[in-house]
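Survey of secondary and tertiary structure
Chain by chain, the residues run as shown.
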Amino acid sequence: MPAILVTIKTLQPILATSFQGDPNSDVSYDYIPGSMIRGAIIGRYLQQKRLKELDLADLETQRLFFQANQTRYLNAYLVSKQEQHRTLPVPRSWYKPKDAEISEHTATHIYDLSLEQDDEQDSLKVIRDQFCTFEDSCVRLYTPARRINIHNTRDRRKGRSSKREDQPGSEGAIFRYDALDAGQTFQSVILCKEQDVEMFTQLLRQPDLWLGGSRSAGYGHTQISHEIQDSWREFQPWGEEEEIDAEHLTITLLSDTVLRDDNGQPSADPTLIAAAINTTCGSSLPTPEPKHLFSSQTYIGGFNRKWGLPLPQVPAITAGTVVVFENATLTDEQVQQLHWQGIGDRRNEGFGRVAINWHRQASFQIKKPPKPSFKIQEPSINPTSLPLAQRMVAQLLRQKLDQLLKTEVDHRKLETGKISNSQLSRLQLVARRGLSSEPANLQDVRNFLNRDNLTKTALEQFQKTRFKQTNESFYSWLQDRLNNPQSWIAQLPEIRLSTEVEATVDDSLAIEYTLKLIMAVAKQAAKENQR
């Protein structure tokens, strides 16, 4: 059977809602579910055939969308940045040392407990990253980027928030969307019959595709491309084949899996994997021992657009679950059948994917993927717009300096009662005179604070008055500001739009804001004296 690789680039955030989060939030899966891709293709199929709804009795409709043995829509997982391969869920048998931090530069030693267990495993911790791939002679871990947006409910007809009769407290209710971020690349796979390749080629021809919920609120826009492969494999075994005994069988789930117990009820019991495999390919695997189970459970559901209702929630075994069988083997034909068909229910939606003897090393090195390097392109500004752009950056620079000025004044509170308001008023007056000069200068303040120009009483007031936080003399602080106007600015701000348009703190601007600082400190101290 051929495989159609569908590459999905997110142009807007994708909201593929899972059952995580509180009632006032929608949290997306870490991947794009196969059921969502199937639903989008069904929409295109209806549009192409000019149908209002699917004819469930039609053989082509059954084969394309509902028969798991004919067509399967696999989940769209992240694409690795270097090799551009579809990543896969991290096996739950992988553990790292408790205090080990996985980074992009330093390799971390990882242990696969499905192949080898020892007494030191109590000091190990399971890996929480979602996806992995083998590249650059080590395993790389991938986690999708997410975007959290806050919204408030509104009336669709009025276009604003309003009370609903059945929910009196609903006006202006706040809720949160935790979605897959834009600018990421995912890859899904459609496994189909040879006769249906042409049909899927037509359905995937249009690049723009909308997926998920809240499309009218800026979510769901993607761009797709596809490639047809006749000899596709979902995974490549890595590690030495000698690491695994001939009678040692490792089953790894590559997607969430829905299995049923003896009573026909959905169950998340990992021991049911053996029965599901035996049913699928006619093998005789024994029930695995508890020490050979590495699994957890989740709940899955969905939404049926035909009904306009959510699907029933059922327990499932999570992707990455690992089950080890000792003294058990499968033939090549059985392995191929399992890899192609999968196990369990809802396989046409991407559930029940399995890998046999995928990871074969008991210990290995692991890293995060390297962060992408962005090359910032300098914007080009029209010559006629240069004066306006220059005024804009100058204003932005002044806004930053105003913030620094406010922060500095908040930390410069003088002791009350040590200096009279008349001296503080004279200081403000001469500072304002220097500020109104063109250009602003500090000479008037220097002349005023000259020891020869101050009376003995005034000089003592300036020298004995100290700041509460630093115990620094007010007179010494003023002299430091006059000698080095830029010294109070910890890090000189800079606004730059291009090589032609930028604004920096020059001497004139530093003097202007130093005078403003002196006036603000004196004014603040005068107010404190009046209280």
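What you see is a predicted model; the values in this text were computed from it and never measured.

Below, the discussion takes up the overall build of the protein chain. Along its length, the protein chain carries 11 helices and 28 strands. Here the C-alpha atoms of the protein chain give a radius of gyration of 34 Å, more than 25% beyond the 24 Å that 2.2 N^0.38 yields for 531 residues. The principal-axis extents of the C-alpha atoms in the protein chain amount to approximately 105 × 65 × 55 Å. Looking at the 531 residues of the protein chain, the share that counts as buried comes to 46%.

On to the sheet that holds strand S2 (residues 25–27). The three strands are arranged S2-S12-S11 in an open sheet whose pairing can be described as mixed. Sheet topology places S2 and strand S11 (146–152) at the edges, where each strand pairs with a single neighbour. Across this sheet, the average inter-strand angle for adjacent strands is 15°, counted without regard to direction. Examined bridge by bridge, S11 and strand S12 (residues 174–180) share seven bridges and lie antiparallel to one another. Its bridge partner lying in S12, Arg 147 is registered against Ala 179.

Take the side chain of Ser 473 next. When you line up the elements, Ser 473 lands in the loop between helix H9 (456–464) and helix H10 (474–483). From its side chain, Ser 473 meets the backbone oxygen of Gln 463 in a polar contact 3.1 Å long. Of the polar contacts made by the side chain of Ser 473, one reaches the backbone nitrogen of Tyr 475; its length is 3.3 Å. If we ignore the near neighbours within four places in the chain, the residues touching Ser 473 are Phe 462, Gln 463, Thr 465, Arg 466 and Phe 467.

Another aspect to go through is the sheet that holds strand S26 (residues 363–367). In spatial order, the strands read S5-S9-S10-S26-S7-S6-S8; together these seven strands make up an open sheet with mixed pairing. The two strands at the open ends of the sheet, each matched to only one other strand, are strand S5 (88–89) and strand S8 (124–126). Pairing analysis gives four bridges linking strand S7 (residues 108–112) to S26, with the strands arranged antiparallel. Paired with Thr 108 across the strands is Ile 366, a residue of S26.

Core analysis: the biggest nonpolar cluster contains 57 residues, and Ile 32, Ile 41, Trp 94, Phe 200 and Ile 366 have the highest contact counts within it. Broken down by element, this core gets its largest block of residues, seven residues, from helix H1 (residues 34–49). Residues lining this core come from more than one domain, with at least three contributed by each of domain 1 (3–87 + 146–159 + 176–229) and domain 2 (249–358). Sequence-distant contacts of Ile 32, that is, excluding residues within four places in its chain, are made with Ile 8, Ile 37, Asn 75, Ala 76, Leu 180, Phe 186 and Leu 211. In terms of nonpolar packing, the next biggest core, distinct from the first, is built from 46 residues, Ala 431, Leu 449, Ile 511 and Ile 518 among them.

Let us now look at the domain arrangement of the protein chain. Each assigned domain of the protein chain is listed here: domain 1 (3–87 + 146–159 + 176–229), domain 2 (249–358) and domain 3 (383–529). Taking the mean C-alpha position of each, domain 1 and domain 3 sit 59 Å from one another.

Attention shifts here to helix H6 (residues 386–410). Given a rise of 1.5 Å per residue, 25 residues ought to cover 36 Å, and the 37 Å separating the end C-alpha atoms of H6 matches this to within 8%. Along H6, the residues that are buried comprise Ala 389, Val 393, Leu 397, Leu 401, Leu 405, Glu 408 and Val 409. Buried-residue contacts for H6 involve strand S27 (494–496), strand S28 (502–504) and helix H11 (507–530).

What follows concerns H1. Along its 16 residues, H1 runs 22 Å from first to last C-alpha, staying within 8% of the 22 Å computed at 1.5 Å per residue. Those residues of H1 that fall on the buried side of the exposure criterion are Gly 34, Met 36, Ile 37, Arg 38, Ala 40, Ile 41, Ile 42, Arg 44, Tyr 45 and Leu 46. Count one or two residues on from H1 and you reach Arg 50, which has phi positive near 55°.

A few words on the pairing of strand S16 (residues 248–253). Judged by how many residues are buried, S16 sits mostly within the fold: six of six residues are covered. Residue alternation in S16 divides its side chains into two sets, His 248, Thr 250 and Thr 252 and Leu 249, Ile 251 and Leu 253, and both sets are buried. Pairing of S16 with strand S25 (residues 354–356), which is carried by three bridges, proceeds in the antiparallel orientation. Along S25, the bridge assignment pairs Ile 251 with Ile 356.

So, about unusual backbone geometry. Here Glu 438 and Pro 439 are connected by a cis peptide whose omega angle stands at -5°. Here Pro 439 lies in the loop between helix H7 (421–436) and helix H8 (443–449). You will see that Asn 327, though not glycine, has its phi angle at about 60°, which is positive. Note on placement: Asn 327 falls in the loop between strand S24 (322–326) and helix H5 (332–341). Classification of Asn 327 by relative accessible area gives exposed; the value is 66%. Positioned with a positive phi, Arg 346 is a non-glycine residue whose angle comes to about 55°. On the secondary structure map, Arg 346 appears in the loop between H5 and S25.

Where nonpolar side chains cluster on the molecular surface, the patch consists of Ile 148, Ile 150 and Ile 174 and spans about 300 Å² of accessible area. Relative to the helices and strands, Ile 150 resides in strand S11. Take Ile 150: its relative accessible area is 56%, and that puts it in the exposed class.

Relative orientation of the contacting elements helix H4 (residues 272–281) and H5 amounts to 110°, with a least axis distance of 10 Å. Comparing the axis directions of H4 and H5 gives the class roughly perpendicular. In contact with Ile 277, Thr 280 and Cys 281 of H4, H5 contributes Gln 334, Gln 337 and Leu 338. In the contact of H4 with H5, the residues fall into three nonpolar, three polar and no charged.

Turning our eyes to something else, we now look at the pattern of salt bridges. By the definition in use, this model includes 16 salt bridges. For the salt bridge of Arg 146 with Asp 178, the shortest nitrogen-to-oxygen distance reads 2.9 Å. Taken together, the positions of Arg 146 in strand S11 and Asp 178 in strand S12 put the pair 32 residues apart, joining distant regions of the chain. Relative accessible area serves as the criterion here: at 28%, Arg 146 is assigned to the partly exposed category. Arg 346 is paired through a salt bridge with Glu 349; the nearest N and O atoms lie 2.8 Å apart. A cluster of three or more residues bridged by salt bridges with shared partners is formed by Asp 30, Arg 146 and Asp 178.

Along the chain, the position of Val 197 falls in helix H3 (residues 197–203). Linking Val 197 and Ala 3, residues 194 residues apart in sequence, is a C-alpha distance of 8.7 Å. Contacts of Val 197, omitting those with residues within four sequence positions, involve Pro 2, Cys 192 and Ile 228.

Rules used in this analysis
- Residues numbered from 1 in each chain as written.
- Predicted model: local features only at pLDDT ≥ 70, side-chain atom pairs only at ≥ 80, totals over all residues.
- Heavy atoms only, no water.
- Helix = DSSP H or I, 4+ residues; strand = E, 2+ residues; numbered from the N terminus.
- Rg over C-alpha atoms; globule rule 2.2 N^0.38 Å.
- Buried < 20%, exposed > 50% of the residue type's maximum accessible area, 1.4 Å probe, protein only.
- Pairing = 2+ DSSP bridges.
- Axes fitted to C-alpha atoms, helices over the stretch in contact; angles between N-to-C directions.
- Polar contact = N/O pair within 3.5 Å; in protein donor to acceptor, adjacent residues only side chain to side chain.
- Contact = heavy atoms within 4.5 Å.
- Core = buried A, V, L, I, M, F, W, Y, C linked by side-chain atoms within 4.5 Å.
- Domains from an automatic or database assignment.
- Expected span 1.5 Å × (residues − 1).
- Patch = residues over 30% accessible without salt bridge, like charges linked within 9 Å, V, L, I, M, F, W, Y side chains within 5 Å.
- Areas by Shrake-Rupley, 256 points an atom, 1.4 Å probe, with all protein chains shown as cover.
- Salt bridge = Lys/Arg side-chain N within 4 Å of Asp/Glu carboxyl O.
- Parallel < 35°, antiparallel > 145°, perpendicular 65-115°, else oblique.
- Nonpolar A, V, L, I, M, F, W, Y, C, P; charged D, E, K, R; others polar.

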